Amino acid sequence: MIQIEELRKVYRARGREVTAVDGVDLTVREGEVFGVLGRSGAGKSTLLRCVNLLERPDSGRVVVAGQDLMALRGGELRRARQGIGMIHQHFGLLSSRTVAGNVAFPLEVMGVPRAERAERVAELLDLVGLSDHADAYPAQISGGQKQRVGIARALAGRPKVLLSDEATSALDPETTASILELLRDLNRRLGLTILLITHEMDVVKRICDSAAIMREGRFVESGPVRELLLRPGSELARGLFPLPEPAVRPGTTVVDLTFEGDSADRPFVSSLARTYSIDVNILGGAVEEIGDTRVGRLRVELPGDPELNAAQLAHLRDAGLTVEVHGAAPAGPATDSGLEVAR
Ligand SMILES: Nc1ncnc2c1ncn2[C@@H]1O[C@H](COP(=O)(O)OP(=O)(O)OP(=O)(O)O)[C@@H](O)[C@H]1O
């Protein structure tokens, strides 16, 4: 649904150049929720604004719903943009208009006749659970309700794609959860494709099917969330299941185990301890629901150096776990985090 190739955007101001987006490739499939995660200044907003050409890229391709947007101009581009809704961190509502008036605004711009407009506004307010607040003004409603208005307004033109620019960053955790639930619901009910940017790991955990981590204008990691979590050395996995730097005691093996789905349901720690008659020390970990699957990360300590634990590590891999050994370890490609990794 969204296909971005080799996208680059450089800002030039007062003789200075800032490369905000530096060669990003991105594919968002139809009906998918895709999250771009990154710190402030990573280039997320610029990337998002390039998807509907609010910002014109210096080079690259932006194809949305089969249309090459950079090849369009004037009326054609405006029509293509109607198929792309956008919501913002600070809602951007018109304070002089009621909730219904705000939602009606884009319909007026599109030239939708009055009667049809009223019907559509009622439908949209119902969709976001705000039918009872149609006549309220933005100053009279909560932040979460304001974002619901923003969402209804963004959906006015029946877009296939919704871009979300830190839509929950200004909201408290409970309201964030309810807005994310609404977005997930709209994604499922309307088949809406959502591309969101966020600096909150929790947003990715709650609603994203796929995600990318962006740093200094580039994607450093990208793919389906479940796959990323199981990828050895994954930054997303480390972010979602933070574990401190390991303290490896001499004569022991410290292992991080990542598991999901079926393997999460098996008692692999007790099976390991029983099979090899060893004590397994649990040092930390967490289990989360990601989509419909349980995913977890556990750090355990086994007696003996890693070389002596080859069979034990193979046992864990055979159980379907991603195994990352800290410190000196038997064969397996090294990652940049200093971990020795084997799947
Ligand atoms: N209009 C602009 N003119 C010049 N530089 C800009 C402009 N907009 C953004 N930048 C710069 O481009 C880089 C990326 O900014 P961008 O806002 O895309 O990042 P971000 O990841 O969305 O961060 P934030 O969450 O803080 O907005 C930053 O260095 C920023 O200062």
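Here the structure is a predicted model, which means the values were calculated and not measured.

Participant: How should the site of the ligand be read in this particular structure?
Facilitator: Near the ligand you find Tyr 11, Ala 13, Val 18, Ala 20, Gly 38, Ser 40, Gly 41, Ala 42, Gly 43, Lys 44, Ser 45 and Thr 46, and these make up its full shell. Listed by contribution, the elements that provide at least two residues to the shell around the ligand are β1 (2–13), β2 (16–28) and α1 (44–51). Tallied by class, residues from the shell around the ligand come to 5 nonpolar, 6 polar and 1 charged.

Participant: Which parts of the structure should I look at to understand helix α12 (residues 310–318)?
Facilitator: Residues spaced three or four apart along an α-helix point in a common direction, a consequence of the helix completing one turn every 3.6 residues. When we look at burial in α12, the residues that qualify are Gln 312, Leu 313 and Leu 316. All buried residues of α12 fall inside an arc of 100° around its axis, so they share one side. For α12, exposure combined with an orientation more than 90 degrees from the buried face picks out Ala 310, Ala 311 and Asp 318.

Participant: Even after reading the chapter, I still don't get the sheet that holds strand β10 (residues 218–224), so can you show me in this structure?
Facilitator: Adjacent strands of a sheet form backbone hydrogen bonds with each other and so pair up, either parallel or antiparallel. Pairing is mixed in the open sheet, where 6 strands are placed in the order β6-β7-β8-β3-β9-β10. Where the open sheet ends on each side, the last strands, each with one partner, are β6 (84–88) and β10. For this sheet, the mean inter-axis angle between neighbouring strands, taken without regard to orientation, is 15°. Taken together, the 5 bridges between strand β7 (residues 161–165) and strand β8 (residues 193–198) define a ladder with parallel strand orientation. Within the sheet, the bridge partner assigned to Asp 165 lies in β8 and is Ile 197. Where α1 meets the sheet, its contacts fall on β3 (33–37), β7, β8 and β9 (210–215), and the angle it forms with β8 comes to roughly 155°.

Participant: I would appreciate a short explanation of the domain arrangement of the chain in the present structure.
Facilitator: A common way to express how large an interface is: the accessible area buried when the components associate. Taken domain by domain, the chain holds domain 1 (2–230) and domain 2 (240–342). Computed from C-alpha atoms alone, the centre-to-centre distance between domain 1 and domain 2 is 38 Å. Elements that contribute at least two residues to the side of domain 1 that touches domain 2 include exactly α7 (201–207) and α8 (225–230).

Participant: What exactly am I supposed to notice about the confidence of the model for the chain here?
Facilitator: Interpretation of the predicted coordinates at a detailed level should be avoided for regions scoring low in pLDDT. Within the chain, residue pLDDT values average 90, and 95% of them lie at 70 or more. Within the model, pLDDT remains below 50 along residues 328–343, and this stretch shows 29 contacts once partners closer than five positions in the same chain are excluded. Among the scores for the predicted complex, ipTM is 0.96 and pTM is 0.86.

Participant: Just to check I follow, could you spell out the environment of Thr 252 for this structure?
Facilitator: Inspection of the secondary structure puts Thr 252 in strand β11 (residues 252–260). Using a count of 18 C-beta atoms within 10 Å as the deciding quantity, one classes Thr 252 as partly exposed. The spacing of Thr 252 and Ser 277 is 25 residues in sequence and 15 Å in space, taken between C-alpha atoms. Setting aside its immediate chain neighbours within four residues, Thr 252 contacts Glu 301, Leu 302 and Pro 303.

Participant: Whenever I open this one, the sheet that holds strand β5 (residues 67–68) confuses me. Can you help?
Facilitator: One open sheet holds the 4 strands; their spatial order is β2-β1-β4-β5, and the pairing between them is antiparallel. Every other strand in the sheet has two partners, leaving β2 and β5 as the edge strands with one partner each. Where β1 and strand β4 (residues 59–64) come together, 5 bridges link them in antiparallel fashion. Bridge assignment links Arg 8 to a residue of β4, and that residue is Ser 59. Packed on one face of the sheet, α1 meets β1, β2 and β4 and runs near 60° to β2.

Participant: Could you clarify how one ought to interpret the packing of helix α5 (residues 143–154) against helix α6 (residues 173–190) in this entry?
Facilitator: Running from N to C, α5 and α6 cross one another at 20°; their axes reach a closest spacing of 10 Å. Regarding the angle of α5 to α6, the classification is roughly parallel. Crossing hand, α5 versus α6: right-handed. From α5, Gly 143, Gly 144, Gln 147, Arg 148 and Ile 151 reach across to α6, where they touch Thr 175, Ser 178, Ile 179 and Leu 182.

Participant: Any chance you could explain the pairing of β1 here in plain terms?
Facilitator: Regular strands show a simple pattern: their side chains alternate between the two faces of the sheet. The sheet contact formed by β1 and β2 spans 10 bridges and is antiparallel. Bridge pairing in β2 links Arg 8 to Asp 22. Between the antiparallel neighbours β1 and β2 lie 2 residues, among them Arg 14 with a positive phi of about 45°.

Participant: I'm lost on the environment of Val 248 in this one. Help?
Facilitator: With respect to the helices and strands, the residue Val 248 is situated in the loop between α9 (235–240) and β11. A C-alpha to C-alpha distance of 31 Å links Val 248 and Ser 222, two positions 26 residues apart in sequence. The contacts of Val 248, once residues within four sequence positions are left out, are Val 254, His 326 and Gly 327.

Definitions and limits used
- Residue positions are counted from 1 within each chain, in the order its sequence is given.
- Selection of residues for local features in this predicted model requires a pLDDT of at least 70, selection of side-chain atom pairs for listing and counting requires 80 or more, and totals for whole chains, interfaces and linings are taken over all residues.
- The criterion for a residue being near a molecule or strand is simple: its C-beta atom, placed using the backbone, must lie within 6 Å of it.
- Helix numbering and strand numbering both begin at the N terminus, where a helix is a DSSP run of H or I of at least 4 residues and a strand a DSSP run of E of at least 2.
- Each residue gets one of three labels, nonpolar for Ala, Val, Leu, Ile, Met, Phe, Trp, Tyr, Cys and Pro, charged for Asp, Glu, Lys and Arg, and polar for the others, Gly among them.
- Between the buried cut of 20 or more and the exposed cut of 12 or fewer other C-beta atoms within 10 Å of a residue's own C-beta lies the partly exposed class, and all C-beta atoms are placed from the backbone.
- The directions from the helix axis to the C-beta atoms are what the arc is built from.
- Two strands form a pair only when DSSP identifies at least two bridges running between them.
- A fitted line through C-alpha atoms serves as each axis, taken over the contacting stretch for helices, and the angle formed by two N-to-C directions is quoted from 0 to 180°.
- Our contact criterion uses C-beta atoms placed from the backbone: two residues qualify when those atoms are within 7 Å.
- Residue ranges assigned to the domains are those given by an automatic or database domain assignment.
- One confidence number per residue, pLDDT, is output by the predictor and ranges from 0 to 100.
- Angles are sorted into four bins: roughly parallel if under 35 degrees, roughly antiparallel if over 145, roughly perpendicular if 65 to 115, and oblique for all others.
- Put simply, a crossing is left-handed when the front helix is turned counterclockwise from the back one by less than a right angle, and right-handed when it is turned clockwise.

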